[in-house]
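Notes for the structure review
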Amino acid sequence: MSTKPMRESGSTSVKREEKKAKVESSASTHVTLRFKGQDEEEIKVFRMRRNVEMRKIMKRYNEKRGVKWNTFVFLLDGKRIRESQTPDELELMDGDLIDAMLRQNGGGYGPSSITF
């Protein structure tokens, strides 16, 4: 018997490297985000593609909560997230926390609108 270690053929090692690259690229095409509503303690976790508009996941969150589409405003680090933005544009990482705040309508009755 020979004590020489077996060598991989060139095509086998290339195939293994291609598989590794596919696994790595598929993992980086998705991002896992956490959502926390101001009126709940539970954090909801969603997974989405990095190149899809945030509108899709915002709708899913509202559906899970059983509310109308425009009930919540979504914030990342205190800044409002627009529906047309993508996770890549926002530079989101796995595990980032997005705050879902109840939309507040009103205002406009400041000192300039009061007449004496």
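Per an unreviewed UniProt entry, the chain carries the name Ubiquitin-like domain-containing protein and comes from Brassica carinata.

**Considerations on the nonpolar core**
Leu 33, Phe 35, Met 54, Phe 74, Ile 81 and Ile 98 are the most contacted members of the largest nonpolar core, which totals 17 residues. In terms of residues, this core owes the most to one element, helix H2 (residues 54-65), which gives 4 residues. With sequence-adjacent residues up to four places away left out, Phe 35 is seen in contact with Glu 42, Ile 43, Lys 44, Phe 46, Ile 57, Tyr 61, Phe 74, Leu 97 and Ile 98.

**A word on the packing of aromatic side chains**
By the definition in use, this model includes 6 aromatic pairs. Ring centres of Phe 46 and Tyr 61 lie 6.3 Å apart, and the angle between their planes is 65°; on these two criteria the pair is classed as edge-to-face. Taken together, the residues Phe 46 in strand E2 (residues 43-49) and Tyr 61 in helix H2 connect sequence positions 15 residues apart. Tyr 61 shares its class with Phe 46; the two are buried. Their ring planes at 80° and their centres at 5.5 Å tell us that Tyr 61 and Phe 72 sit as a pair that is edge-to-face. With Tyr 61 in helix H2 and Phe 72 in strand E3 (residues 72-76), this residue pair connects regions lying 11 residues apart in the sequence. Residues Tyr 61 and Phe 72 agree in their burial class; the two are buried. We note Lys 59 situated over the ring of Trp 69; from NZ or CZ to the ring centre the distance is 5.7 Å.

**A short note on the pattern of salt bridges**
Counting across every chain of the model gives 4 salt bridges. Of the charged contacts, one joins Arg 50 and Asp 88 as a salt bridge, the two residues approaching to 3.7 Å between their closest N and O atoms. With a gap of 38 residues between them, Arg 50 in the loop between E2 and H2 and Asp 88 in helix H3 (residues 87-90) connect regions that are remote in the sequence. Among the residues examined, Arg 50 registers a relative accessible area of 16% and is labelled buried. On the basis of relative accessibility, which here comes to 45%, the residue Asp 88 falls in the partly exposed class. Arg 55 is the partner of Glu 53 in a salt bridge, and the nearest nitrogen-oxygen pair spans 2.4 Å. Residue Glu 53 is classed as partly exposed on the basis of its relative accessible area of 33%.

What counts and what doesn't
Per chain, the residues get numbers from 1 upward, laid out in the order the sequence is written. Given that the model is predicted, a residue must reach a pLDDT of at least 70 before its local features are reported, and side-chain atom pairs must reach 80 or more before they are shown or counted; all residues, however, enter totals for whole chains, interfaces and linings. Side-chain numbers come from the whole structure's heavy atoms, not from hydrogens or water. By nonpolar core is meant a set of buried Ala, Val, Leu, Ile, Met, Phe, Trp, Tyr and Cys residues that side-chain atoms within 4.5 Å join together. Note on exposure labels: buried denotes an accessible area under 20% of the residue type's maximum, exposed denotes more than 50%, and partly exposed covers the range between, all computed with a 1.4 Å probe on protein chains only. Working definition: helices are DSSP H or I runs of at least four residues, strands are E runs of at least two. Numbering for both runs from the N terminus. We call two residues in contact when some of their heavy atoms are within 4.5 Å. Between the rings of Phe, Tyr and Trp (Trp by its six-membered ring), a pair exists once the centres lie within 6.5 Å; its type follows the angle of the planes, with under 30 degrees stacked, over 60 edge-to-face, and the other angles tilted. Only when the NZ atom of a Lys or the CZ atom of an Arg is both within 6 Å of the ring centre and within 35 degrees of the ring normal do we say a charge sits over the ring. By convention in these notes, a salt bridge is any Lys or Arg side-chain nitrogen within 4 Å of a carboxyl oxygen on Asp or Glu.

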